[in-house]
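Residue-level structure breakdown
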Amino acid sequence: MERLRNDLKRAGIRAENECPLCRYSSFRIGGCAKLALFPKNREEMIACLDGVRRHGVPHLIIGNASNVVFSDRGFDGAVIFTTAWKELTVVGTRIRVGAGASLSAIANAAQRASLGGAEFLYGIPGTLGGAVFMNAGAFGGCMADICQKSEYYDLRTGETAVLCGEAQEFSNRTSIYEKHPHYTVLGAELVLQKGNPTEICARMRDYTERRRRTQPLEFPSAGSVFKRPEGYFAGKLIEDCGLKGTRVGGAEVSVKHAGFIVNRGGATAEDVRCLCELIRARVLAQTGVTLECEIRFL
Ligand SMILES: Cc1cc2nc3c(=O)[nH]c(=O)nc-3n(C[C@H](O)[C@H](O)[C@H](O)COP(=O)(O)OP(=O)(O)OC[C@H]3O[C@@H](n4cnc5c(N)ncnc54)[C@H](O)[C@@H]3O)c2cc1C
């Protein structure tokens, strides 16, 4: 690990020892990572990936950590954060984006270029890489609708490749990248349509307002905890089971939106995991529906 750190530091890449993961997590949960790396462009990202591969260092690829629960014990390896790599280029009706670009920045760039179709991304607090990984979506749109191709780095071979259209296997909050943890998303090309910038802006404002009205944005969370079960809404099932406000330690089923678990102060990953299990058991017993976690415990 020390050799990896020194190699990457020599290449000018920001590297931090004993990095508190809670500082980067939207849930404000997690112990320390032995090493955290912050590549700021494609070249640095590939140097980090080559480095962990060559030195055989256990690693995690993390965007904005807005859909994950880091372990209370931290991570005994290298965490590669992509958020410093913000590359984004508009070419006609296409946007080429690096893994770390924020979803709101993509929506803003599209709006400025009079391109419609990316409005749903506005307000999702993740990165391109995280969104491709789990086919992020909102308000009827999802990455599958706009992500024409994505490029990845294969940690088994050290090579890069591109997947187009259906080969990305997007479905309900998942993609081929979840099935192949050795693939790291490097970037993607999004295809949008010409639109009216005032109408695009109005849709983005409407989505923001709806989020503010319905989601507990005042507390740390990782968004919706469970995937939407076919024919139901997870939040409604949880609410109907009388679970709003239920707590385990510092983790609470939000009273504003039962689909969210919020950190009311000092919540641990174990609190969140126990609360998830309690919710799943109660919803299954009372409704017969099995809930599947959308958030990822690392
Ligand atoms: C308040 C709030 C609201 C939210 N609203 C929504 C919503 O409306 N819709 C929605 O879909 N989600 C929502 N989310 C969840 C989250 O923002 C999205 O899932 C987002 O796409 C995650 O992106 P990220 O960069 O934070 O991913 P992370 O949390 O950093 O990572 C998630 C997973 O993706 C993997 N990953 C990240 N980057 C890469 C990469 N480059 N290559 C390969 N794997 C990678 C990680 O290893 C991890 O397994 C919300 C979250 C919060 C806190």
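As a convention, each chain's residues are numbered from 1 in the sequence order in which they are written. It should be noted that, the model being predicted, local features are given only for residues of pLDDT at least 70 and side-chain atom pairs only at 80 or more, the latter also being counted only at that level, while totals for whole chains, interfaces and linings use all residues.

Some details on the sheet that holds strand β3 (residues 59-62)
The test is simple: Only when DSSP finds a minimum of two bridges between them are two strands counted as paired. Put simply, DSSP marks the helices as runs of H or I at least four residues long and the strands as runs of E at least two long, and each gets a number from the N terminus on. Axes here refer to lines fitted to C-alpha atoms; in helices the fit is confined to the stretch in contact. Angles between the N-to-C directions go from 0 to 180 degrees.
Spatial strand order, β1-β2-β5-β3: 4 strands in an open sheet with mixed pairing. Two strands close off the open sheet at either side, each with one partner strand: β1 (14-20) and β3. Taking the axes of each pair of neighbouring strands and ignoring which way they run, one obtains an average angle of 25° across the sheet. Of the pairings in the sheet, the one linking strand β2 (residues 32-38) to strand β5 (residues 75-81) comprises 4 bridges and is parallel in character.

A few points about the packing of helix α1 (residues 2-10) against helix α2 (residues 42-55)
As a reminder, the rule being used: By the definition adopted for this analysis, an angle is roughly parallel if under 35 degrees, roughly antiparallel if over 145, roughly perpendicular if from 65 to 115, and oblique otherwise. A crossing counts as left-handed when the near helix is turned anticlockwise from the far one by less than a right angle, and as right-handed when that turn is clockwise. Residues are scored as being in contact if the C-beta atoms we place from backbone atoms lie within 7 Å. Three classes are used: nonpolar for Ala, Val, Leu, Ile, Met, Phe, Trp, Tyr, Cys and Pro, charged for Asp, Glu, Lys and Arg, and polar for all others, with Gly counted as polar.
Axis separation between α1 and α2 bottoms out at 10 Å; the angle between their running directions is 155°. The angle between α1 and α2 places the two elements in the roughly antiparallel class. In terms of crossing hand, the pair formed by α1 and α2 is right-handed. When α1 is examined against α2, the residues Arg3, Leu4, Asp7 and Leu8 are found in contact with a partner set consisting of Ala47, Cys48, Gly51, Val52 and His55. The residue makeup of the contact of α1 with α2, split by class, is 5 nonpolar, 2 polar and 2 charged.

Examining the environment of threonine 93
Short version of the rule: Burial is judged by counting other C-beta atoms within 10 Å of a residue's own C-beta: 20 or more means buried, 12 or fewer means exposed, and anything between counts as partly exposed, with every C-beta placed from the backbone.
Along the chain, the position of threonine 93 falls in the loop between β6 (88-91) and β7 (94-98). You can call threonine 93 partly exposed: it has 17 C-beta atoms within 10 Å. Each C-alpha atom, one on threonine 93 and one on alanine 110, is 8.7 Å from the other, the two residues being 17 residues apart in sequence. In this structure, threonine 93 is in contact with Leu115, Val191, Leu192, Gln193 and Lys194, ignoring residues within four places of it in sequence.

Observations concerning the site of the ligand
Operational definition: Being near a molecule or strand means, for a residue, that its C-beta atom, positioned from the backbone, comes within 6 Å of it.
Neighbouring the ligand are 33 residues, the closest being Gly63, Gly126, Gly129, Gly130 and Gly223. Mapped by element, the contributors of at least two residues to the shell around the ligand are β3, α4 (128-133), β9 (137-138), β13 (183-191) and β15 (221-224). Here the element with the most residues in the shell around the ligand is α4; it accounts for 4 residues. Looking at the shell around the ligand, its residues break down into 17 nonpolar, 15 polar and 1 charged.

What to know about the sheet that holds β15
The strand order across the open sheet formed by 4 strands is β15-β18-β17-β16, and the pairing between neighbours is antiparallel. With partners counted over all chains shown, the strands left at the sheet margins are β15 and β16 (247-248), one partner each. Packing against the sheet, helix α9 (residues 269-287) makes contact with β16, β17 (251-253) and β18 (260-263), and its axis sits at approximately 30° to β17.

Notes on α9
Our working rule: One less than the number of residues in a helix, times 1.5 Å, gives the span that helix is expected to have. The arc in question is the one traced by the directions running from the helix axis out to the C-beta atoms.
Given a rise of 1.5 Å per residue, 19 residues ought to cover 27 Å, and the 27 Å separating the end C-alpha atoms of α9 matches this to within 8%. What α9 keeps buried is the set Ala269, Asp271, Val272, Leu275, Cys276, Ile279 and Val283. For α9, the arc enclosing every buried residue in end-on projection is 155°, short of the 170-degree limit, so these residues lie on one face. Exposed and oriented more than 90 degrees from the buried face of α9 are Glu277, Ala281 and Ala285. For α9, the secondary structure elements touched by its buried residues are β4 (68-69), α8 (234-240), β16, β17, β18 and β19 (296-297). Two residues or fewer after α9 comes glycine 288, characterised by a positive phi angle close to 80°.

A few points about the environment of valine 272
Along the chain, valine 272 falls in helix α9. By the C-beta count within 10 Å, which is 26 here, valine 272 ends up buried. Filtering out sequence-adjacent residues up to four positions away, valine 272 remains in contact with Ile29, Val69, Ala251, Ile261 and Ala267.

On their own, these measurements won't tell you what the molecule is for.
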